[in-house]
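# What the coordinates show
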Amino acid sequence: MEGSEAIAEAAIAAGCRFFAGYPMTPFTEVLEHFAEKLPAVGGVCVNAESELEAVGMAWGALATGARAATGSTGQGLSLMQESFSEITLAELPLVAFNMARGQGDYFQSTRGGGHGDYRHIVLAPMDIREAADLTQLAFHLADSWRTPVLVQGDYLLAHTAEAVDVAPLQFGALPPKDWAVDGSGGGTGRSAVISPLGIGKHNTPGPGIEGQQQAIAEKMSRIAAGEARVESGFLEGAEHVVVAFGTSAKFVRYAVRRLRDEGVAVGYVRPITLWPFPADAVAEAASGARSVLVFELNAGQMVDDVRLAVLGAAPVRSIGGISTDHSGFGVGPLLDVEVIAGRIRAAVTEEEVPA
Amino acid sequence: MSAGKVVVRGTVDIDIEACKGCELCIPACPPEVLVMSTEVNAVGYRYPELLPGCTGCRACLDVCPDFCFEVFKYEHPVEVDVGGSP
Amino acid sequence: MTVGDEPVRHQVGEKTPHLLQTGEHDLCPGCGEPVAIRILLETLAELGLTTSTIGVVGIGCYTAFARTLDVDLVQALHGRAPSVATGVKRMQPDKAVFTLQGDGDMVNEGLQEVLHTAARGENITCVLLNNGVFGETGGHMTATSVLGQRTKTSLEGRDAGYHGYPIVIGDLLARLEGAAYVARGSVQSAGAVARTKRMMRRALETQLAGEGFSMIEVLTMCPTGWFVPTASGPSYMEETLGQVHVMGELKGGA
């Protein structure tokens, strides 16, 4: 099945019963698959009339305790940012899919494109198998931490097909959602309010606006300490380390393997969580290296996090760049194992890396 | 007001400290038995006072933004003597 | 004045609706919003919906009641309550779901949301508190402010050439097939309150019968935002907003 379908299947296997979205390339097929599959399991899929309404509907569904999701491509997620910020403050477990055009949404995803102090957990699968697994993990992490999780996909993931079996994964028990609203609190003096403001009710006051923001910031620190995920290879004796994420990382792995066969002492580190960024793993890989090379299909975004992790232990260079097709949606000439291998080779021999 | 008798069918208890002096109850009262006080409450607002003749219709309760009124209806109307004009 | 023995009496109505955790609030003297909220809460209780209602509150002066309404609530962003209410209702179709929004919220920021929610015939009840101003931010023009109305962003009075015309939202919604009941009431007098209460009941009954989208707009006084003396709120409403946003049932109803 194609990646879009695998993602929808995985979400449903994880118990997602509400999805709202707005068509936009290359996300559209995710919405189509949810529209086809959700009713059959008693769920609801709404083709919202705007991205803003899609995230609003997911917000309402989440408030009732349901597993709910939304998604779009980068531009559509831009429209949802105010709601993302506030959903984070309201501690609702939203899962959002970014089927991005290239890799230029790294900043949007990891810096939190909305206002205020918040982060999202960001999972960046490199292929369809991993996308299906990380989608299920996303719902589990969202519920465990009561915070939004973004699954960072792209055109390649959406439209490539792979044989994949999506069986429900078990992640361990979760506490009941006693915070969810169902109307039963009415008139009891202890009715609930799900709100980003943390004010609570007259009878059951909350921590207040400042207290709520501080509590969320503290939660983010705990997430950062425990949820980073990373994969790496060929680091033994590596003199140069390539850092890459998502689908382009799969190409980088092939390139690194080929270069190792040629005797080039290069390894790779692949962040699986873009936030929390696996800074420790990158720092450790960089500690013995002569250079750290960052390959990403954008003008240089993850390289900032790599530089922060490396903290001057080795020079950090961008060897990626903007590369897309004529439509702007899809794959460009830079996403090619030969080209990538060539850039790594040039960088390790201190030649100029072509623009 | 001239001396005589007035039929009173109900009464209200007014939470004068909750009142913000908006005076919406005054024109709302059909028998026109609410008048604003000359005194002020603790925060400085004048508040409504009840004259004889309430019918327990709850119009004041319905229009009050600050939930100041408790309205009661008498089981049997009461005739009340009213003295000369104040 | 003489009174005989203490007469037997029984209470009529409630001082404070029991679905309010407290009647205290910091809204202005003469504000119509608490009056409209009483109508909503009394109707919910009378229809037996106390433990099966979920409200979605927008952003405006009335947001203060999100702290005191003794109803399960979801706080939404400015303009966004209808989509949030859609998500709630789709997941909890047997519950009564209402939105509580002001005119700035629903007709400015959230115009798209309410139109689409009505067009889709979502079985929710939108309650619009329309005072023709952005009250919470200090008295600025909204899409429902009327020509000639002076606000901080229309200091000489709303001018058609410069500021455009008001949107009469109930009329727009009534034209959508998904909207089953659309009505406009007001709270400037006891008579208006009584009529509005009947409309509120019909709106919620429309939802309970699964007939589609329902909307009850309530014109509320805002003497502060209108820059008129407190006691002049009712007459100002009747002379200005009430002439453009006319009371009555626009769709459905008796």
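Bear in mind that the values here come from a model prediction, so they are computed numbers and not experimental data.

Our next topic: the overall build of chain C. For chain C, the helix and strand inventory stands at ten helices and ten strands. Here chain C has a C-alpha radius of gyration of 18 Å; the compact-globule value for 254 residues is 18 Å, and the two agree. Here chain C, with 254 residues, has 61% of them falling under the buried criterion. Of all intrachain contacts in chain C linking residues separated by at least 6 positions in sequence, the fraction that spans at least 24 positions is 68%.

Of regular secondary structure, chain A possesses 13 helices and 13 strands. Taking 355 residues into account, the globule formula puts the C-alpha radius of gyration at 20 Å, and chain A, at 21 Å, falls close to it. The principal-axis extents of the C-alpha atoms in chain A amount to approximately 75 × 40 × 35 Å. The proportion of buried residues among the 355 residues of chain A is 55%.

Before going further, it helps to spend a moment on the interface of chain B and chain C. With 31 residues of chain B in contact, the opposing surface of chain C contributes 27 residues. Those elements that place two or more of their residues in the side of chain B that touches chain C are α2 (59–63) and β4 (69–82) of chain B. Element by element, the count of residues in the side of chain B that touches chain C is highest for β4(B), at twelve residues. Among the residues forming the side of chain B that touches chain C, the class breakdown is 17 nonpolar, five polar and nine charged. Alignment of β4(B) against strand β1 (residues 9–12) of chain C, held across four bridges, turns out to be antiparallel. Bridging across to β1(C), Lys73(B) finds its partner in His10(C).

Here the focus is the interface of chain A and chain C. Contacts between the two partners involve 36 residues from chain A, matched on the other side by 34 residues from chain C. Only α3 (51–63), α5 (81–89) and β7 (193–194) of chain A provide two or more residues apiece to the side of chain A that touches chain C. For the side of chain A that touches chain C, the element with the highest residue contribution is α3(A), accounting for eight residues. The residue inventory of the side of chain A that touches chain C, partitioned by class, reads 15 nonpolar, 15 polar and six charged. Two elements, β7(A) and strand β3 (residues 72–75) of chain C, share two bridges in a ladder whose sense is parallel. Of the residues in β3(C), the one forming a bridge with Ile194(A) is Val74(C).

Another point: the domain arrangement of chain A. Residues and elements named next belong to chain A. Assigned domains within chain A: domain 1 (1–227) and domain 2 (230–348). Between the C-alpha centres of domain 1 and domain 2 the distance comes to 28 Å. Contact residues are listed per partner, giving 26 residues for domain 1 and 23 residues for domain 2. Those elements that provide at least two residues to the side of domain 1 that touches domain 2 are α6 (106–111), β5 (121–123), β6 (149–154), α8 (155–159) and α9 (208–226).

For helix α7 (residues 190–208) of chain C, built from 19 residues, the straight-helix expectation of 27 Å at 1.5 Å per residue is met to within 8% by its first-to-last C-alpha distance of 27 Å. Regarding α7(C), the residues found buried are Ala190(C), Ala192(C), Val193(C), Thr196(C), Lys197(C), Met199(C), Met200(C), Ala203(C), Leu204(C), Thr206(C) and Gln207(C).

Right, let's talk about the arrangement of the chains for a bit. Considering every one of the two pairs of chains in contact, the largest contact total is recorded for chains A and C. The two units chain A and chain B never meet; even their closest C-alpha atoms stay 16 Å apart.

All names here are of chain A. The mixed open sheet is built from five strands, whose spatial order is β8-β10-β9-β12-β13. A strand with exactly one partner marks an edge of an open sheet, and here the two such strands are β8 (230–233) and β13 (316–318). Recorded for the sheet is a direction-independent mean angle of 20 degrees between the axes of neighbouring strands. Pairing of strand β9 (residues 240–243) with strand β10 (residues 266–271) involves four bridges; the strand directions are parallel. Across the sheet, the residue bridging to Val241 is Gly267, located in β10. Helix α11 (residues 279–287) contacts β8, β9, β10 and β12 (291–294) of the sheet and is inclined by roughly 170 degrees relative to β10. Contacts from helix α13 (residues 337–348) reach β9, β10, β12 and β13 within the one sheet, and its direction differs from that of β12 by about 155 degrees.

Bringing the sheet that holds β1(C) into the picture now. Strand pairing in a sheet takes place through backbone hydrogen bonds and is either antiparallel or parallel in direction. The three strands lie next to each other as β1(B)-β4(B)-β1(C), forming an open sheet whose pairing is antiparallel. A single partner strand is all that each edge strand has here, and the edge strands are β1 (4–14) of chain B together with β1 of chain C. On average, each strand axis in the sheet is inclined to that of its neighbour by 30 degrees, with strand direction left out of account.

Next up on the list: unusual backbone geometry. Omega for the peptide link from Thr25(A) to Pro26(A) comes to 0 degrees, which places this bond in the cis form. In this fold, Pro26(A) is placed in the loop between β1 (16–21) and α2 (28–37). At the junction of Trp275(A) and Pro276(A), the peptide bond is cis and its omega measures out at -5 degrees in the coordinates. By secondary structure assignment, the location of Pro276(A) is in the loop between β11 (273–275) and α11. Unlike most non-glycine residues, Phe67(B) shows phi in positive territory, near 55 degrees.

Residues and elements named next belong to chain A. Assignment of secondary structure puts Pro278 in the loop between β11 and α11. Under the C-beta neighbour-count criterion, Pro278 is labelled buried, with 25 such atoms within 10 Å. Aside from chain neighbours lying at most four places away, what touches Pro278 is Ala228, Arg229, Val230, Pro271 and Thr273.

Where a strand is regular, its side chains alternate between the two sheet faces. All names here are of chain C. Side chains Asp72 and Val74 project from β3 onto one buried face, and the interleaved Leu73 and Gln75 project onto a second face that is buried too. Here strand β2 (residues 53–57) pairs with β3 via four bridges, running parallel. Among the inter-strand pairings, Gly55 is bridged to a residue of β3, identified as Leu73.

Right, let's get into the pairing of strand β4 (residues 95–100) of chain A. All names here are of chain A. Burial analysis of β4 places six of its six residues in the buried class, the great majority of the element. Of the two faces of β4, the one holding Val95, Phe97 and Met99 and the one holding Ala96, Asn98 and Ala100 are both buried throughout. Relative to β4, strand β3 (residues 67–72) runs parallel, the two sharing four bridges. In the strand pairing of β4, Ser72 is matched with Asn98. Here six bridges tie β4 to β6, and the two strands are oriented parallel to one another. Note on β6: the bridge partner recorded for Ala96 is Leu150.

Thresholds applied
- Residues numbered from 1 in each chain as written.
- Chains lettered and ligands numbered in written order.
- Predicted model: local features only at pLDDT ≥ 70, side-chain atom pairs only at ≥ 80, totals over all residues.
- Helix = DSSP H or I, 4+ residues; strand = E, 2+ residues; numbered from the N terminus.
- Rg over C-alpha atoms; globule rule 2.2 N^0.38 Å.
- Buried ≥ 20, exposed ≤ 12 C-beta atoms within 10 Å, placed from the backbone.
- Contact = placed C-beta atoms within 7 Å.
- Nonpolar A, V, L, I, M, F, W, Y, C, P; charged D, E, K, R; others polar.
- Pairing = 2+ DSSP bridges.
- Domains from an automatic or database assignment.
- Expected span 1.5 Å × (residues − 1).
- Axes fitted to C-alpha atoms, helices over the stretch in contact; angles between N-to-C directions.

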